[in-house]
Amino acid sequence: MTRQQRREQLVGVARELFAERGLDGTSVEEIAAHAEVSKPVVYEHFGGKEGLYAVVVDREVRRLHDAIYQAISRPHTDPRSLIELGTLALLDYIEEEPDGFRIISRDSSPYAPGGTFQTILSSVASRVEGLLASQFERRGFDPGTAPLYSQMLVGLVALAGQWWVESHNQTTLTKPQVAAHLVNLAWNGMRNLQPQPILRVSDALPAPDAEQD
């Protein structure tokens, strides 16, 4: 193997082990054994397990981020279609790259400057935030609440997607069905938003002074 080929082999081997066992559950010895090399070879290429893990996470982050960003950056797309496209892009990644999704959604790594699943979602939410703010202004809603709603929408899709991939053996729902149900809740919920929502149970809650008594 050339140096680059060996490096790619180690990344592929480590990706499978990290997906199965996580960062803490994987050792340099196991990576070397599965790649049929000595431990010094791993250290030579990546400086250790953490360096190799950072490369694996960074690649997955870029792959997912690029897929979602490309989906929701299409010009002249209406808001509902953007929600559909972003939802399908995330579910596509989950279905096609289950090992990668397990790595970035399960582990938080201080060794990966590119970020983890949470930072990807925050980045996507920032993109959605601008779209929501313009829609809110046109409908007479407070655009200052757009960041909150964008986080809720992205979090809804991400958590449901994580449930779907982990429940593959317990559910008969297909990817288009999951996407359709997610968009159904998100879009219909957004269409019926109240400009000044209040809690119905607020009258039943004790006043602050009453709690102190």
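Computed from a predicted model, the values in this text were never measured in an experiment.

Here we take up the packing of helix H4 (residues 49-72) against helix H5 (residues 79-96). Describing two packed helices takes the angle between their axes plus the distance from one axis to the other. One can describe the packing of H4 onto H5 by two numbers: an axis separation of 8 Å at closest approach and a directional angle of 155°. Judged by the angle between their axes, H4 and H5 are roughly antiparallel. Seen along the crossing, H4 lies across H5 with a hand that is right-handed. Every residue of H5 that contacts H4 at Glu60, Arg63, Leu64, Ala67, Ile68, Ala71 and Ile72 is listed here: Leu82, Leu85, Gly86, Ala89, Leu90 and Tyr93. Of the residues that constitute the contact of H4 with H5, the class distribution is ten nonpolar, one polar and two charged.

In this section: the UniProt feature "DNA-binding region" (unreviewed entry) in the protein chain. Sequence positions flagged by UniProt for "DNA-binding region" (unreviewed entry) are, in local numbering, residues 27-46. Helix and strand shares over residues 27-46 are 80% and 0% respectively, and the end C-alpha atoms of the span are 14 Å apart.

Empty space within the largest pocket amounts to approximately 500 Å³. Secondary-structure elements contributing two or more residues to the lining of the largest pocket are H4, H5, helix H7 (117-139), helix H8 (146-166) and helix H9 (175-191). Examining the composition of the lining of the largest pocket, we find that ten residues originate from one element, H7, more than from any other. Its residues assigned to classes, the lining of the largest pocket shows 18 nonpolar, five polar and four charged. Here the second largest pocket defines a volume of roughly 190 Å³. Lining the second largest pocket, in full, are Ala67, Gln70, Ala71, Arg74, Leu85, Leu88, Ala89, Asp92, Tyr93, Glu96 and Glu97. Looking at the lining of the second largest pocket, the elements with two or more residues in it are H4 and H5. Among the elements that line the lining of the second largest pocket, the one with the most residues is H5, at six residues.

This part is about the packing of aromatic side chains. Counting across every chain of the model gives three aromatic pairs. Taking 5.0 Å as the distance between ring centres and 90° as the angle between the ring planes, the aromatic pair formed by Phe18 and Tyr53 counts as edge-to-face. Taken together, the residues Phe18 in helix H1 (residues 3-21) and Tyr53 in helix H4 connect sequence positions 35 residues apart. A single burial state applies to Phe18 and to Tyr53, both of which are buried. Between the aromatic rings of Phe136 and Phe141, the centroid separation amounts to 5.6 Å while the plane-to-plane angle is 35°, which identifies the pairing as tilted. Neither residue differs from the other here; Phe136 and Phe141 are each classed as buried. Aromatic ring contacts, followed pair by pair, group Phe136, Phe141 and Tyr149 into a single cluster.

So, how was this worked out
Residues numbered from 1 in each chain as written. Predicted model: local features only at pLDDT ≥ 70, side-chain atom pairs only at ≥ 80, totals over all residues. Heavy atoms only, no water. Axes fitted to C-alpha atoms, helices over the stretch in contact; angles between N-to-C directions. Helix = DSSP H or I, 4+ residues; strand = E, 2+ residues; numbered from the N terminus. Parallel < 35°, antiparallel > 145°, perpendicular 65-115°, else oblique. Left-handed = near helix turned anticlockwise from the far one by under 90°. Contact = heavy atoms within 4.5 Å. Nonpolar A, V, L, I, M, F, W, Y, C, P; charged D, E, K, R; others polar. UniProt positions renumbered as here; feature names shortened; annotations may be inferred. 1 Å grid on protein atoms, 1.4 Å probe; cavity = no way out; pocket = protein on both sides within 12 Å on 5 of 7 lines; lining within 4 Å. Points joined across faces, edges and corners; volume = space filled by probe spheres on them. Phe/Tyr/Trp six-rings, centres within 6.5 Å; stacked < 30°, edge-to-face > 60°. Buried < 20%, exposed > 50% of the residue type's maximum accessible area, 1.4 Å probe, protein only.

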